[in-house]
There are 2 protein chains.
Amino acid sequence: MNIGQVAERAGIPAKTIRYYEDIGLVRPQRSENGYRAFSEQDLHKLAFLARARALGFTIEDCRTLLGLYEDEARESADVKALATEHLAQIEEKIAQLREMHATLARLVEACHGDHRPDCPILQGLAEEG
Amino acid sequence: MNIGQVAERAGIPAKTIRYYEDIGLVRPQRSENGYRAFSEQDLHKLAFLARARALGFTIEDCRTLLGLYEDEARESADVKALATEHLAQIEEKIAQLREMHATLARLVEACHGDHRPDCPILQGLAEEG
DNA sequence: TATAGTCCTTCCAGTGACTGGAAGGTCAAG
DNA sequence: CTTGACCTTCCAGTCACTGGAAGGACTATA
């Protein structure tokens, strides 16, 4: 398979696949004409990466996960630890965003939003505390 | 005021303040020795920026907000529109994170996490659908 | 056979918002 | 007169791509 077809089937831009090769996440063969020649296994790996990325894992986490996936002697505890850690980070981010949202929503509600210049949002940003 | 004191009082690293000057968000005077000389107004501006950044506004949004803050003829509607747009983006991010969290939490719960290799998390990442 | 159009290649640079570090100037205290 | 804290500029790195230029390869059609 050429990169275009793999890109479509894995749902990843060709550019990103080249980048993944650059950083050693996939190592496709090469055809005689210099084109990358992807196997079904390469495609499978890329789809795995796409799903892991969609769950918010960093590239380095993805590298680790791929390693575990391909390691027959892995311990599921290692996978679970990684995923649990990531889950905690997601929770933290959600909490942060919720705080931002609460504060900003309060300011937005207080703002009449008309042609006049006085604005509780700007006041909120300008005040200390 | 020198940069160190401003950094402490505004709660922003000195490096970041220099960066903000680089991109034109603040324009402190210079002392004879070449040090940046911040006024109380500069400090106020930086504190404003810190709060806007803490609410998740982008630097460009912050630039706009500062402009509105300093424009006596602003219309609060413009501020509200910007904030409302940002609020929607926060909501979208929260929704995305919640989806990630739900999916990953389901996988983590299904994983026994012991010394054995079979792992629903990896299976989930490997499977299509 | 010429050509047009699509695919592929590499390489370089830019994104956002900093952050780290090197190399060196300035200032206050002892 | 030295030590140490503070300041300066400049360059490079982060993360995960993304855009674009310049050029080679392949396919279909006139």
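Quick look at the pattern of salt bridges
Item 1. Applying the stated criterion across every chain yields a total of twelve salt bridges over all chains.
Item 2. Overlapping salt bridges bring together Glu21(A), Arg30(A) and Arg36(A) as one network.

Looking at the relation of the copies chain B and chain A
Item 1. Under the fitted operation, chain B is carried onto chain A by 0.0 Å of movement along the axis and a turn of 180°, and the coordinates agree to an RMSD of 0.1 Å. Here the copies are linked by what is in effect a two-fold axis. Judged by C-alpha distance, Ile94(B) is the residue of chain B that lies nearest the rotation axis, at 3.0 Å.
Item 2. The share of interface residues of chain B whose copies in chain A are also at the interface is 100%, consistent with both copies meeting through the same surface.

So, the environment of Ser76(A)
Item 1. The residue Ser76(A) is located in helix α5 (residues 76–110) in this model.
Item 2. Sequence spacing of Ser76(A) and Val6(A) is 70 residues, and the spatial spacing of their C-alpha atoms is 29 Å.
Item 3. Every residue in contact with Ser76(A), bar those within four places of it in the chain, is listed here: Cys111(B), His112(B), Gly113(B), Asp114(B), Arg116(B), Pro117(B), Asp118(B) and Cys119(B).

A look at the domain arrangement of chain A
Frequently, the measure chosen for interface size is the accessible area removed from exposure when the parts meet.
Item 1. Partitioning chain A into structural domains gives domain 1 (1–56) and domain 2 (75–129).
Item 2. On a C-alpha basis, the centres of domain 1 of chain A and domain 2 of chain A stand 36 Å from each other.

Points about the protein's contact with DNA strand C
Item 1. Gly4(A), Arg36(A), Lys15(B), Tyr20(B) and Arg53(B) are the nearest of the 19 residues found near DNA strand C.
Item 2. Here the atoms of DNA strand C within 4 Å of the protein split so that 68% fall in sugar or phosphate, with bases taking the remainder.
Item 3. Between a phosphate oxygen of DNA strand C and a side-chain N or O atom of Thr16(B), the distance comes to 3.4 Å.
Item 4. In the model, a base nitrogen of DNA strand C is placed 3.0 Å from a nitrogen or oxygen of the Tyr35(B) side chain.
Item 5. Within the residue set of the surface near DNA strand C, elements represented by two or more residues are α1 (3–10) and α2 (14–22) of chain A together with α2 (14–22) of chain B.
Item 6. Counting residues per element, the surface near DNA strand C draws most heavily on α2(B), at four residues.

Quick notes on the rules
Residues numbered from 1 in each chain as written. Chains lettered and ligands numbered in written order. Predicted model: local features only at pLDDT ≥ 70, side-chain atom pairs only at ≥ 80, totals over all residues. Heavy atoms only, no water. Salt bridge = Lys/Arg side-chain N within 4 Å of Asp/Glu carboxyl O. Least-squares fit on C-alpha atoms with pLDDT ≥ 70 in both. Contact = heavy atoms within 4.5 Å. Helix = DSSP H or I, 4+ residues; strand = E, 2+ residues; numbered from the N terminus. Domains from an automatic or database assignment. Near = heavy atom within 4 Å. Polar contact = N/O pair within 3.5 Å; in protein donor to acceptor, adjacent residues only side chain to side chain.

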